[in-house]
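Listed below, chain by chain, are the residues.
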Amino acid sequence: MKIGQKPELPGALAQTGLAKQAKSPPSAAEGAAKDAAVAAASPAGVPVTVSLAARALDQTQRSTADFDASKVKAVRTAIEKGTFSVDAEAIADKLLSNAQEILSRSRG
């Protein structure tokens, strides 16, 4: 196969020698240079299939109720000022309730 030619076979990766590169880990500098060269030489428009599980993780489909941005900002400010206090009893209670929930699910 020549450089710039699109592979016609599904197993063309093994034929190009790219599989050999993946087996022997290069140094960090060599790996970055090779990755950049491979990305530049890769043909554009390669079809990609995204699984349903991956789509479920898509950040754009998250609701805005996943977290309270103002609360995050307030906690961050309190940590920076050194005024943030941790309620160890509340954390322990939540940890125990989560453990009980996990155990009850695993027991069926």
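Cut-offs and rules
Residues numbered from 1 in each chain as written. Predicted model: local features only at pLDDT ≥ 70, side-chain atom pairs only at ≥ 80, totals over all residues. Heavy atoms only, no water. Helix = DSSP H or I, 4+ residues; strand = E, 2+ residues; numbered from the N terminus. Buried < 20%, exposed > 50% of the residue type's maximum accessible area, 1.4 Å probe, protein only. Areas by Shrake-Rupley, 256 points an atom, 1.4 Å probe, with all protein chains shown as cover. Salt bridge = Lys/Arg side-chain N within 4 Å of Asp/Glu carboxyl O. Expected span 1.5 Å × (residues − 1). Patch = residues over 30% accessible without salt bridge, like charges linked within 9 Å, V, L, I, M, F, W, Y side chains within 5 Å.

A. Just the overall build of the protein chain, in detail. When you go through the protein chain residue by residue, the secondary structure sums to 6 helices and 0 strands. Helices (α) and strands (β) of the protein chain occur, in sequence order from the N terminus, as α-α-α-α-α-α. For the protein chain, buried positions account for 4% of its 108 residues. Roughly 9900 Å² of accessible area belongs to the protein chain as shown, and the carbon and sulfur atoms make up 60% of that amount.

B. The pattern of salt bridges, seen in detail. Using the criterion set out here, one finds 1 salt bridge in the structure. A salt bridge links Arg105 to Glu101, with the nearest nitrogen and oxygen atoms 2.4 Å apart. Placement of both Arg105 and Glu101 in helix H6 (residues 88–107) is noted, with a separation of 4 residues, approximately one turn of the helix. Classification of Arg105 as exposed rests on a relative accessible area of 63%.

C. Summary view of H6. Relative to the 28 Å expected for 20 residues at 1.5 Å per residue, H6 spans 29 Å between its end C-alpha atoms, a close match to the ideal helical length. Along H6, only 0 of the 20 residues are buried, which leaves the element largely exposed.

D. Local environment of a nonpolar patch on the surface. A surface patch of nonpolar side chains, amounting to about 400 Å² of accessible area, comprises Ile79, Phe84, Val86 and Ile91. Among the structural elements, Phe84 can be located in the loop between helix H5 (69–81) and H6.

E. Representation of H5 in the model. Compared with the 18 Å implied by 1.5 Å per residue over 13 residues, the 18 Å span of H5 between its first and last C-alpha is a close match. Burial analysis of H5 places just 1 of its 13 residues in the buried class, a small minority of the element. The first or second residue beyond H5 is Gly82, which carries a positive phi of 85°.

The values reported here are purely geometric and, on their own, carry no functional implication.
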